[in-house]
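# Working through the structure, step by step
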Amino acid sequence: MLFTTLRAQNETPKRGRTFVFPVVTRSLETGWNFGALTAKIFPLYADDTVSRSSNLEVLAMASTRKQVVFALVGTQYFRNEQFIIEEQISTSLFPDRFWGLGSQTRDDQEENYSFRQTYLMLHGKKKIVPNFFAGIVYEAQKVWDINYVPGGVFEASDIAGKNGYFISGVGGSLSFDNRNNAFAPNKGLYMQLFWNHFDKFWGSDFNYENLITDIRSYSPIGRHSVLAFQWVNFMTF
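Note that the coordinates shown come from a computational prediction; the quantities given were computed from them, not determined experimentally.

Looking now at the nonpolar core. With 7 residues, the main nonpolar core is built from F94, F98, Y113, F115, V143, I146 and F154. Residues within four places of F115 in sequence aside, it is in contact with S92, L93, F94, V143, W144, D145 and I146. In this structure, Y119, M121, V137 and F194 belong to the second largest nonpolar core, which totals 5 residues.

What follows is the structure, encoded as structure tokens:
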């Protein structure tokens, strides 16, 4: 659940708008994170009064534990929203800590390890009827340059992909979306069922499937506030 005073932009100038936000977060895995988010909101067609505004977001962050993340995320709405393209590209350097597998590990087993990763997701959607879309998706991730303590717990553990891996998957989606704005909605509903099949046929090192359900709801509270809910279910089999 999210309560925010960020207001949706129902009308975007023909030239678009650019926003820059400072980002400060904290988590157990990263410590403090500091960075910036730059967002560009723009119409693909100046005379298209039906489609919502497209957007591109660029994020750069660094943590107090020397983790670095760069990401580009975007959604483009073509004329009358007959087609939608979503993309996500990221790369990161991620030092972390490892205690072993299972729930019975000891604090004195802690050791450091690090890895680099690059991720790509391309998602194309076609309008079936108003607010309903069917899509096809491609996902790929490469993890490499994994460094850990020689002879330590990490090296001795049976971890799939601990020497690096590449995964590649193709799948599809069904979605309902009547949000009034893709970047900062203040009303509407978004529901998506997302399935992806990773297979050696696509060049993947592992065969498996993901099934993801994503439901979001946005309701205006007063004139300048929004109440938002999100429920996500992620299954791997």
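With that out of the way, let us pick up the packing of aromatic side chains. Centre distance and the angle of the planes are the two values used to describe a pair of aromatic rings. For the coordinates displayed, the defined rule picks out 13 aromatic pairs. Relative to F34, the ring of W32 lies with its centre 6.4 Å away and its plane at 25°, an arrangement referred to as stacked. The exposure class assigned to F34 is partly exposed, which follows from its relative accessible area of 45%. By the ring-pair criterion, three or more aromatic residues cluster together here, those being F94, F98, Y113, F115, Y148 and F154.

For the rest of this paragraph, the subject is the environment of F194. Position of F194 relative to the elements: it lies in strand β10 (residues 188-198). Considering only alpha carbons, one finds F194 and L174, 20 residues apart in sequence, at a separation of 6.8 Å. Not counting residues within four places of it along the chain, the set of residues in contact with F194 comprises H123, V137, E139, G172, S173, N210, L211 and I212.

Criteria and cut-off values
- Each chain carries its own residue numbering, running from 1 in the written order of its sequence.
- Residue-level local features of this predicted model are given only where pLDDT is at least 70; pairs of side-chain atoms are given and counted only at 80 or more, and the full residue set underlies all totals for whole chains, interfaces and linings.
- Computation of side-chain values covers all heavy atoms of the structure but excludes hydrogens and water.
- Take the buried residues of types Ala, Val, Leu, Ile, Met, Phe, Trp, Tyr and Cys, join any two whose side-chain atoms come within 4.5 Å, and each joined set is a nonpolar core.
- Think of it in three bands: residues with accessible area under 20% of the maximum for their type are buried, residues over 50% are exposed, and the middle band is partly exposed, with areas taken using a 1.4 Å probe on protein chains only.
- Should any heavy atoms of two residues lie within 4.5 Å, those residues are considered in contact.
- Between the rings of Phe, Tyr and Trp (Trp by its six-membered ring), a pair exists once the centres lie within 6.5 Å; its type follows the angle of the planes, with under 30 degrees stacked, over 60 edge-to-face, and the other angles tilted.
- Working definition: helices are DSSP H or I runs of at least four residues, strands are E runs of at least two. Numbering for both runs from the N terminus.

Purely spatial values, then, with no claim about function.
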